[in-house]
Amino acid sequence: MALLKVSFVSETLHRAVPLVVILPTDKIYKANQPKRSADKPYKTLYLLHGVLGNEEDWLTGTRIQRWAEANDLAVVMPAGENSFYVDNAFTGRAYSRFIAQELVEFTRKSFPLSPKKEDTFIGGLSMGGYGALYNGLKYHDTFGAIVALSAALMVDESLADLPEQAEWFGATKAFWQGVFGPDLKAAGQSECNLKVLINNLLAQQVALPAIYLAIGDDDKLLAANVDFHEFLDQKQVAHVFKVAPGSHEWDFWDRHLKRALDWLPLEQASAGINSGNVN
């Protein structure tokens, strides 16, 4: 399994950005093992980290590298800082366009990735779970499926009522203004509110990507995720929703990333020979 650490200059973010890519292109096969065709592109999962995280979080917190190899899956893990993966006209940070347009274009030019929507997926945890839903829905022509684990689904008009000071920076008005701009009430009424976005897409009769949601039964974001699940049910939007033991933690995300990968239409591939599989 090739693990690549990349830096490239982003036109949308106006600076060099880091990127980690998992590519199953270095497999060694025994003589009697069928080999993958050299010209067959890889299905791809764009995997987004949460608040306080970086592009290496999924590698250190989960077994994604092993599972990607087992499924001949390319995995692209960008750095999203604390942006919630949205565009902010006030600051000029265009993380949505970076994730869903520029990053996809760059990685498809640089690596043997499939250009097909049905082979392209987006997922994330917490802030990245919101980012996966927002960008997967907004750029529904690019992504065929969305995986959102413990998604941070608190973007609505109540953002305007947050305190100036709080015990944790993520609960302050200043943090959210840095993400969405000074008018948080307007942000909550915009398509950054996933319910508004989905209502608008349904009004346009857009075929939405497949959606997989999972949340721990001891997670503080449980109520918001249940509410979103009930909204999707009300709108007759097909999706999978799982509530299982766990909290806002890597043990939960590791377990349910594997279940999400089993849900995605991935390939079952020969593991080949590597340092963890020499027999």
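Refer to the structure presented above.
Quick summary incoming for the structure in this document.

Cut-offs used in this document
Residues numbered from 1 in each chain as written. Predicted model: local features only at pLDDT ≥ 70, side-chain atom pairs only at ≥ 80, totals over all residues. Heavy atoms only, no water. Axes fitted to C-alpha atoms, helices over the stretch in contact; angles between N-to-C directions. Helix = DSSP H or I, 4+ residues; strand = E, 2+ residues; numbered from the N terminus. Parallel < 35°, antiparallel > 145°, perpendicular 65-115°, else oblique. Left-handed = near helix turned anticlockwise from the far one by under 90°. Contact = heavy atoms within 4.5 Å. Nonpolar A, V, L, I, M, F, W, Y, C, P; charged D, E, K, R; others polar. Pairing = 2+ DSSP bridges. Right-handed = clockwise from strand over helix to strand, strands pointing away. Phe/Tyr/Trp six-rings, centres within 6.5 Å; stacked < 30°, edge-to-face > 60°. Buried < 20%, exposed > 50% of the residue type's maximum accessible area, 1.4 Å probe, protein only. Core = buried A, V, L, I, M, F, W, Y, C linked by side-chain atoms within 4.5 Å.

1. Description of the packing of helix α7 (residues 194-203) against helix α8 (residues 222-234)
Piece 1. Interhelical geometry of α7 versus α8 gives an angle of 15 degrees and a closest axis separation of 11 Å. Our classification of the angle between α7 and α8 gives roughly parallel. Note that α7 runs across α8; the crossing there is right-handed. Along the contact surface, α7 presents Leu194, Lys195, Ile198 and Asn199, while α8 presents Asp227, Phe228, Phe231 and Leu232.
Piece 2. Classifying every residue of the contact of α7 with α8 by side-chain character gives five nonpolar, one polar and two charged.

2. A look at the sheet that holds strand β3 (residues 43-48)
Piece 1. With respect to topology, eight strands assemble into an open sheet ordered β1-β2-β4-β3-β7-β8-β9-β10, the strand pairing being mixed. Each edge of the open sheet carries a strand with a single partner, namely β1 (2-10) and β10 (240-244). Strand-to-strand twist across the sheet, computed as the mean angle between neighbouring axes with direction ignored, equals 20 degrees.
Piece 2. Note that strand β8 (residues 145-149) and strand β9 (residues 210-216) share five bridges and pair parallel. Each residue of the ladder has a partner; that of Ile146, found in β9, is Ile211.
Piece 3. Taken strand by strand, helix α4 (residues 127-138) contacts β3, β7 (120-125), β8 and β9, and its axis lies near 150 degrees from that of β7.
Piece 4. Across the sheet, α8 lies against β9 and β10, angled at about 150 degrees from β9, the strand it touches most.

3. Here's the deal with the environment of Leu257
Piece 1. When you line up the elements, Leu257 lands in helix α9 (residues 250-263).
Piece 2. On a C-alpha basis, the gap between Leu257 and Val147 in space is 8.4 Å, while along the polypeptide they are 110 residues apart.
Piece 3. Not counting the four nearest positions on each side in its chain, Leu257 is found in contact with Trp58, Thr62, Ile64, Trp67 and Leu149.

4. Some words on the pairing of β10
Piece 1. Summarising the sheet, β9 and β10 pair through five bridges and their orientation is parallel. For Gly216, the partnering residue across the bridge sits in β10 and is Ala244.
Piece 2. In this fold, β9 hands off to α8, which returns the chain to β10; that crossover is right-handed.

5. Remarks on the packing of α4 against α7
Packed helices, taken two at a time, are described by the angle their axes make and the gap between the axes.
Piece 1. Across the interface, α4 lies against α7 with an axial gap of 10 Å and an inter-helix angle of 20 degrees. When the interaxial angle is binned, α4 and α7 end up roughly parallel. The way α4 lies across α7 gives a crossing that is left-handed. Here Tyr130, Leu133, Tyr134, Leu137 and Lys138 of α4 lie close against α7, whose contacting residues are Leu194, Leu197, Ile198 and Leu201.
Piece 2. When the residues that make up the contact of α4 with α7 are grouped by side-chain class, the tally is eight nonpolar, no polar and one charged.

6. Remarks on the packing of aromatic side chains
Piece 1. Tallied over the full model, the rule gives 16 aromatic pairs.
Piece 2. Measuring from centroid to centroid gives 5.3 Å for Phe175 and Trp176, while their planes differ by 80 degrees, and the two rings are edge-to-face.
Piece 3. Aromatic side chains Trp176 and Phe180 sit 5.9 Å apart centroid to centroid with 0 degrees between the ring planes, which places their arrangement in the stacked category. Within this pair, Trp176 and its partner Phe180 are both found in helix α5 (residues 173-180), separated by four residues, close to a single helical turn. In terms of burial, Trp176 and Phe180 fall into one category: buried.
Piece 4. Clustering of aromatic rings is evident, with ring pairs tying together Phe84, Tyr130, Tyr134, Trp168, Phe169, Phe175, Trp176 and Phe180.

7. As for the nonpolar core
Piece 1. Counting 60 residues, the largest nonpolar core has Tyr130, Leu133, Phe180 and Phe228 as the members making the most contacts within it.
Piece 2. Those residues in contact with Leu133 that lie beyond four places of it in its chain are Ile146, Ala148, Ala151, Leu153, Leu194, Ile211, Leu213 and Phe228.
Piece 3. Membership of the second largest hydrophobic core comes to 28 residues, among which are Val20, Leu59, Phe121 and Ala214.

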